[in-house]
Every structure is written in structure tokens, then in C-alpha cells.
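# Descriptive analysis of the structure
Listed below are the residues making up each chain.
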Amino acid sequence: MSTLLAIPFLVPVLGAAAALLLRSYRRGQQGVAVVTLALVVLASAELVRRTADGAVLTAQAGGWPAPLGITIAADPLTALLLLVSSVVLLVVLLYAIGQDTAGLSRATPAVFHPIYLVLTAGVCLSFLAGDLFNLFVGFEIMLTASYALITQAPTRARVRASMIYTVVSLTSSILFLTGIALVYGATGTVNLADIAVRLGGAPDALRAVLALLFLVVFGIKAAIVPMHFWLPDSYPVALTRISAIFAALLTKVAVYAVIRTQTLLFARDDISPVIMWLAIATMIVGILGALVQDDVNRIMSFALVSHIGFMLFGLALGSAAGLAGVIVYLVHHIVVQAGLFLVNGLIRQYVGHTSLRALRGLTAVSPVLALFFFLPAMSLAGLPPMSGFVAKVALFEAGAQAGGWLAWTGVAAGVATSLLTLMAIFRVWVRAFWGVPLPDVVEAGERLQGRRSGGALLMAGATGAMVALGLALAAASGPLTALAFTAAEDLVSGQAYLQAVLGGAS
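So, here is what we can say about the structure in this document. Since this is a predicted model, take the numbers as computed values, not measurements.

### Describing the overall build of the protein
- For the protein, the count of helices and strands is 21 helices and two strands.
- Its C-alpha atoms give the protein principal-axis dimensions of roughly 70 × 55 × 40 Å.
- Residue burial in the protein is summarised as follows: out of 506 residues, 61% are buried.
- Partitioning the contacts of the protein with sequence separation of at least 6, the portion at a separation of at least 24 is 81%.

Right, here's the structure in full:
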């Protein structure tokens, strides 16, 4: 059991070391990276199988019992997010390999693969960490790798964006350390399960302050309004292979941390209205920002901010139904955002930019590219029968069940955001894909067709695989929703997690 839980973190670390040693052998690096992520996918799939009934798997590093030792734990939520994240990481890696093979990327492959695997290790450790300090370590591993990745093929815009991203992330990290120190001072432990037990008798004011502090810490990393300002300036300028992973995973790891801490440590009715108002503000402000942009990548970045609000909405409801909707939405959004940013990368390969002012008629040039954009975009807008529709219906039903004017306000904001998202996507479709192609778009398409290679086909295949994964989520909405409810019930009660960690279950 300890080995299975360690694989998602340790294998990428070892793979990164091997890839660094093979920096002079590109094919060797690529092979190591692919095999490493394939192993993580297999281990994650086995974790999903073993936790599907609500079981919580635990391991103690060094054999020290909790709360003294370092705990790693996987419940249904952790296992599901590990599986989806590792699959997305593998598909984006294949896209990156295709770019390098086709000679279409200015990134440095010798550096990219080791850092990418370090990023993978950080993501996996963040999901598996059973204590606040190692959750911090997981975030820092992930963010340190992201600092290096965002400056690949540096330009003035990328350096500026990386400075904003780094300063904001470091500010959040300092607040995170402060929060850990305050929690340790109040409880004498950093183990999540032990904190949950000891905070039960803490003064209400202290619990409220700690809950708000950690909401701010992870809210910065998750780009929750009004702490979102850094994201639209950072993600669009990064290389496609980087922005796809950032959009799909980095904010979702922070959302996972919000869910874990607010349900396990700080489950409080008086904090829920704050989370609900943040959810409503994030939905509306994010999508209004998307509507006024003239670049496809910036539109998708603001839409990303907006749809974080849907996840906060389900969390604020505090019910098993609401949390199940959040989990389904998390899975859907990881896949859809990765797919859309990969499509944007293909657009950039065709015409050299993603500005709506100089795009028209892409459907006539590449019907497949238009289809690749259309399917995940419709899922993002929440149209049936896509996975986004399933996730939004689950959230809106949970809001209706909760009742109350604030919950109904959140439902109304969600419906309005969905309609505005459809409007933003329709605007991209009309401006970029519809109509008679512009001459430079036709010329760019002809040039790309003339130099089609195995690498370009691999890029298109990886993008198609991501789109197909989104369709598979819609087709498997029944089992996915059932697993989400199992995970949500564990989150609401918390007893399975506490017993597994503190009671020695494994």
C-alpha cells in the first residue's frame, strides 16, 4: 500500500533525475517522460479502483504513526483528481513532443522534460499530502517548476508575466507559512486529521480567522475574485504546452486545497456566506472580463477565472450534493480547459497569433480544428449533452435543494454566467471560424499543410485525444457522478478520513 501511494510522487522525481542525465539524448528524455507519466496514470487508476467504495488509503513515511509521522492519504476525491490530472499531463506531454519533433517550438526540450516531471511530482504530492507542511511543500515544488516553465523561450512579455506570477505566488506562500505557524501554535500539530480533531474545541473567533486566512491563501493561487488579477496577464503569454497545464491543473490544485481545508478543518456555517459571495463575484467578474477581450487566449483565461466560481458555489452549499457537483465540475473543467488551450496552440501554429482582429474563416481552412474548438467550447458553456451540462445541472439542483435567497442568488449567477459564456464563445466562433477566410489565414494554412509531419500529426492527435476525453466524461457521467457522491459524502462526514489517518487504517 505504501508503494502504491508513493508512486505518483516518487516516480516523477526519479524520472526527472533520469531525464536530466539524458539531456543530450532527446529521444531518451521523451521516452523516460512518457513512461514515467504512464506509470503514474496506472497507479492512479488503481487508487481509484481501491477507493471507489469510499475507502481511505494511508501510509506513514518512516513508519512513524500519525500525527508524528509524515502522512500521505488517498480518498476517492484524491484518487480521482490524481487520475484525471496524470492523464492530462500525459496528453499534453505528447503534444509537446510533437511540437519538438516538428520543430515548431522555441522551448528547450533538454530543460523542459525534467522540469515538467518535477511539476508532476508537485501536483501529485499536493493531492496526497496528509499534513499542512507537506501540502505547502507540494505547492512549492509545483510552483518552483512553473516559474521555470513560464519563462521558456523568454520574451519581454513572458518575463514581465513571470515576474507578476512569481511575486503573487511568493506572497501567497508567505501567507501560507504564516497560516501553518498559527495553526501549529493553536493545536501543536500540522497533521490535517489531528488539526480537525483539536480545532473542534478552539474558540469560534480563532477558527473563523484561520478559515478566512487559508481561504485567502488558496484563493490567490486559485485566482478567486478579487485575487485573480495575475492570471489573465500570465497564462496567455506562456507557451501552449505550459499554458494548457497551468489552466488545467494549477488553479484546480488550489481549489482542491480550499475544498480539503474548508470541509475537514473549518466546516462552519458562518464562513459559507463569504464563500458564496466570492463565488458569485468570481463568476460574474470573470465572464464580463472575457466578453471584452480580443484575443482567444485571454478570453479563455478570463473564462477560467469565471468558472472557478462554480466550484466555490458548490462548496458554499456545504451539502453532499453540492460537493458532488463541485467534484464533477473539477474533473470536467480540468479536461475542457486543457483541450481549449491546446486548440489555441494549433491556431497559433496556423496563423502565428490568436487575435480575433486578424482571424476569420478557420473552418474553411481546417474543419477538424473547428470541430476541436467547438466540442470543448460547448461543454464549457454547459450545453447538453456535454460534461459541462451534467456538472452545472448537479450544482443547480444542489442549490435548489439548499434553498434560501443566497443559494438562489448563486444559481441565478451561475445561469447568467453560462449564458454569457455562450455569448463569449459565439463571438470567438463568428470572428475566428466563420466567414470567408482572410488571405493570410489561407496562406498560413497552405504553408502548414505543405510541411505536415509526424510531429504535427502528433500535436493534432494529442489535441483530439483531449477533446475525446471530454466526450468520454459526458458518456460516463453516471459512474462519474456516483463516484463524486461517494467522495462528497466522505468529505461531509470526515469520519472515514479521520479514522484512516488517526486510527491506523490503511
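### Description of helix α11 (residues 272–291)
- With 20 residues, α11 ought to run about 28 Å at 1.5 Å a step, and its terminal C-alpha atoms sit 29 Å apart, in line with that.
- Among all positions of α11, only Ser-272, Ile-275, Met-276, Leu-278, Ala-279, Ile-280, Thr-282, Met-283, Gly-286, Ile-287, Gly-289 and Ala-290 are buried.
- Looking at the buried side of α11, the elements it contacts are α8 (204–222), α10 (240–264), α12 (296–317) and α17 (405–433).

### Description of the nonpolar core
- Among the nonpolar cores identified, the biggest contains 190 residues, and Val-88, Phe-176, Phe-373 and Phe-433 are the most heavily contacted of them.
- Sequence-distant contacts of Phe-433, defined by excluding residues within four places in its chain, comprise Ile-347, Gly-361, Leu-362, Thr-363, Leu-369, Ala-370, Phe-373 and Val-428.

### Quick look at the packing of aromatic side chains
- Under the criterion given, the structure shown has 22 aromatic pairs.
- Taking the centre distance of 6.5 Å and the plane angle of 45 degrees together, the rings of Phe-310 and Phe-396 count as tilted. Taken together, the residues span a long stretch of sequence, with Phe-310 in helix α12 and Phe-396 in helix α16 (residues 387–402) at a distance of 86 residues.
- Take Phe-310: its relative accessible area is 0%, and that puts it in the buried class.
- Look at Trp-429 and Phe-433: their rings are 5.0 Å apart centre to centre, the planes differ by 15 degrees, and that puts the pair in the stacked class. Of this pair, Trp-429 and Phe-433 both sit in helix α17, four residues apart, roughly one helical turn.
- With a relative accessible area of 18%, Trp-429 lands in the buried category.
- Three or more aromatic residues joined by ring pairs make a cluster, and in this case those are Phe-133, Phe-136, Phe-139, Phe-176, Phe-214, Phe-218 and Phe-266.

### Here's the deal with the environment of Tyr-165
- With respect to the secondary-structure elements, Tyr-165 resides in helix α6 (residues 156–187).
- Take Tyr-165: its relative accessible area is 2%, and that puts it in the buried class.
- With 123 residues separating them in the primary sequence, Tyr-165 and Leu-42 have C-alpha atoms 33 Å apart.

### What to know about the pattern of salt bridges
- One pass over the structure, following the stated rule, counts eight salt bridges.
- Among the ionic pairs, Arg-50 bridges to Glu-46, the shortest N-O distance being 2.7 Å. Of this pair, Arg-50 and Glu-46 both sit in helix α2 (residues 26–51), four residues apart, which is roughly one turn of that helix.
- Glu-46 sits in the partly exposed class, given a relative accessible area of 22%.
- Linking Arg-241 and Asp-100 is a salt bridge whose minimum nitrogen-to-oxygen distance equals 2.7 Å.

### A few points about the environment of Ile-174
- Relative to the helices and strands, Ile-174 is located in helix α6.
- The sequence separation of Ile-174 and Val-217 amounts to 43 residues, and the corresponding C-alpha distance is 8.8 Å.

### Details of the pairing of strand β2 (residues 70–74)
- Among the five residues that make up β2, four are buried, leaving the element largely enclosed by the rest of the structure.
- Looking at chain direction, strand β1 (residues 57–61) and β2 are connected through five bridges and run antiparallel. Each residue of the ladder has a partner; that of Ala-59, found in β2, is Ile-72.

### Considering the packing of helix α13 (residues 320–351) against helix α19 (residues 454–475)
- Remark: α13 packs on α19, axes separated minimally by 9 Å, with the N-to-C direction vectors making an angle of 155 degrees. The orientation of α13 with respect to α19, classified from their angle, is roughly antiparallel. Note that α13 runs across α19; the crossing there is left-handed. In this structure, α13 contributes Val-331, His-332, Val-335, Ala-338, Gly-339, Leu-342, Val-343, Leu-346 and Gln-349 to the contact, and α19 contributes Met-459, Ala-460, Ala-462, Thr-463, Met-466, Leu-469, Gly-470 and Leu-473.
- Considering only residue class, the contact of α13 with α19 consists of twelve nonpolar, five polar and no charged.

Thresholds applied
Residues numbered from 1 in each chain as written. Predicted model: local features only at pLDDT ≥ 70, side-chain atom pairs only at ≥ 80, totals over all residues. Heavy atoms only, no water. Helix = DSSP H or I, 4+ residues; strand = E, 2+ residues; numbered from the N terminus. Buried < 20%, exposed > 50% of the residue type's maximum accessible area, 1.4 Å probe, protein only. Contact = heavy atoms within 4.5 Å. Expected span 1.5 Å × (residues − 1). Core = buried A, V, L, I, M, F, W, Y, C linked by side-chain atoms within 4.5 Å. Phe/Tyr/Trp six-rings, centres within 6.5 Å; stacked < 30°, edge-to-face > 60°. Salt bridge = Lys/Arg side-chain N within 4 Å of Asp/Glu carboxyl O. Pairing = 2+ DSSP bridges. Axes fitted to C-alpha atoms, helices over the stretch in contact; angles between N-to-C directions. Parallel < 35°, antiparallel > 145°, perpendicular 65-115°, else oblique. Left-handed = near helix turned anticlockwise from the far one by under 90°. Nonpolar A, V, L, I, M, F, W, Y, C, P; charged D, E, K, R; others polar.

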